[in-house]
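Reading the structure
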Amino acid sequence: MSFALGFKPPSSAGSSGPGAGGGATMENLEKQLICPVCLEMFSKPVVILPCQHNLCRKCANDIFQSANPVWQSRGSSSMAVSGSRFRCPSCRHKVVLDRHGVYGLQRNLLVENIIDLYRQQESSRVVDVKPEQQQHLMCEEHEEEKINIYCLSCQTPTCSMCKVFGKHKDCDVAPLGSVYTRQKTEMSDGIANLVASNDHIQAVISQMEEICRIIEENGQCQRERLADRFDRLVSILEERKQELVGLIAEQQDEKLKRVRSLIRRHGDDLEAAVTLVETAIQSMEEPHMALFIQSHPQPQQVLKEIEMAATARPSNMELPELGYERMSHFVIDTDDLAVMLMNIDFCPGVGDDGEDDPEEGGEESELEFCSRY
């Protein structure tokens, strides 16, 4: 069904005149004044976000409440926590709020003034249009008939004459006003459902962003616990190493003490023997026989001491046992321990119940790991 506009503007104001351009300008301006949340013209007060997009303050508060359900609105007894946030519905930029919440966002007075001017202009345009200039859709087949009914079968507007005598006489029709009201209502409901769905999606996105934050915190926490456990292992190994090194040093000192004691004892014996030899040599250098025999000590006494020293030395010579210098018995086998350390891994199934999640209020548990060895 084709139809045309029955209103013909005065000849002095054709379709190419400034009126047509002004109407297009106002239409474009109206598109710029639509809130991206409620899809209606901004309702004051209008707030401007840090990303320079505008929202009705009520819509901004609705988004904030859906993204932060634990915080109450300004009308409640509790205020928003400083640092709470939500995302701009136009560009997804993160908006961080202070303790005043959305009421701390700056009002865009310029947009509010433009809205006032736009509404005044629209009101003046409606007043200036005379009744005889009202636009009506006229039927092309019956030029004197207005489009006043809707063909349900063909899904097109038509006139009463087309229903009575024209091609729509066998079709089901309904009053155009009722169809208009119904479709406007359905469209409004669809818009509301879409906005509600957007709010739900925004809430889900915020929830997943919170999950990402918790994952990062838990990962950092587990890394710190793992490093602490390995530091404790290193500390235990270092402590045990010092204990074993101390045992080696203790036996080393004990053996050195004994051997050095024998060295001092045999050194004293050697020094006494050297002295005895020097004394004997001095006695032998005496050329007179009488003086030689009467020298002090007497040669017989010196000879007796030499014979006693030479006879007693082999039997009284104390030496360390064979292999006394060895320290090879201080040996540890670390092969199995090294294999076990190389196979340290996380124990499967430990912590899967989520009780160690600090965000859930559970007690923190120690990091668990085991060896595949």
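Now for a quick tour of the structure. (Residues numbered from 1 in each chain as written. Predicted model: local features only at pLDDT ≥ 70, side-chain atom pairs only at ≥ 80, totals over all residues. Heavy atoms only, no water.)

Here's the deal with the sheet that holds strand S8 (residues 156–158)
Stated formally: Note on pairing: DSSP must find at least two bridges between two strands before they are called paired. Elements are defined by DSSP. Helices are runs of H or I of four residues or more, strands are runs of E of two residues or more, and each kind is numbered from the N terminus. Interaxial angle, 0 to 180 degrees, is taken between N-to-C directions of lines fitted to C-alpha atoms, where a helix line uses only the stretch in contact. Every residue pair with non-hydrogen atoms within 4.5 Å of one another is taken to be in contact.
The strand order across the open sheet formed by three strands is S8-S7-S9, and the pairing between neighbours is antiparallel. At either margin of the open sheet sits one strand with a lone partner, and together these are S8 and strand S9 (173–175). Taking each pair of neighbouring strands and ignoring which way they run, the sheet shows an average axis angle of 35°. Here strand S7 (residues 149–151) runs beside S9; their pairing, made up of three bridges, is antiparallel. Counterpart to Tyr150 in the pairing with S9 is Ala174. Contacts between helix H5 (residues 176–284) and the sheet are confined to S7, S8 and S9, with S9 contributing the most and set at about 80° to the helix.

Digging into unusual backbone geometry
Peptide bonds are mostly trans, and most non-glycine residues show a negative phi. To keep it simple, the criterion reads: Each residue is assigned to one of three classes by its accessible area relative to the maximum for its type, calculated with a 1.4 Å probe on protein chains only: buried under 20%, partly exposed between the two thresholds, exposed over 50%.
That bond from Lys44 to Pro45 is cis: its omega, 0°, falls within 30 degrees of zero. Looking at where Pro45 falls in the secondary structure, it is placed in the loop between helix H1 (18–32) and strand S2 (46–48). At Leu39, a position not held by glycine, the phi torsion is positive, near 60°. In this structure, Leu39 sits in the loop between H1 and S2. The exposure class of Leu39 is partly exposed, given its relative accessible area of 37%.

Observations regarding the nonpolar core
Soluble globular proteins: nonpolar side chains tend toward being buried together. Test applied: For this analysis, a nonpolar core means a set of buried residues of the types Ala, Val, Leu, Ile, Met, Phe, Trp, Tyr and Cys, connected via side-chain atoms within 4.5 Å.
The biggest cluster of nonpolar side chains holds 26 residues, and the ones touching the most others in it are Phe42, Leu49, Leu55 and Phe86. Going through the elements one at a time, S2, strand S3 (54–56), helix H2 (57–67) and helix H3 (109–128) are the ones with two or more residues in this core. For this core, the leading source of residues is H2, giving five residues. Not counting residues up to four positions away in its chain, the partners in contact with Phe42 are Gln32, Leu33, Ile34, Cys35, Pro36, Asn54, Leu55, Cys56, Val111, Ile115 and Arg119.

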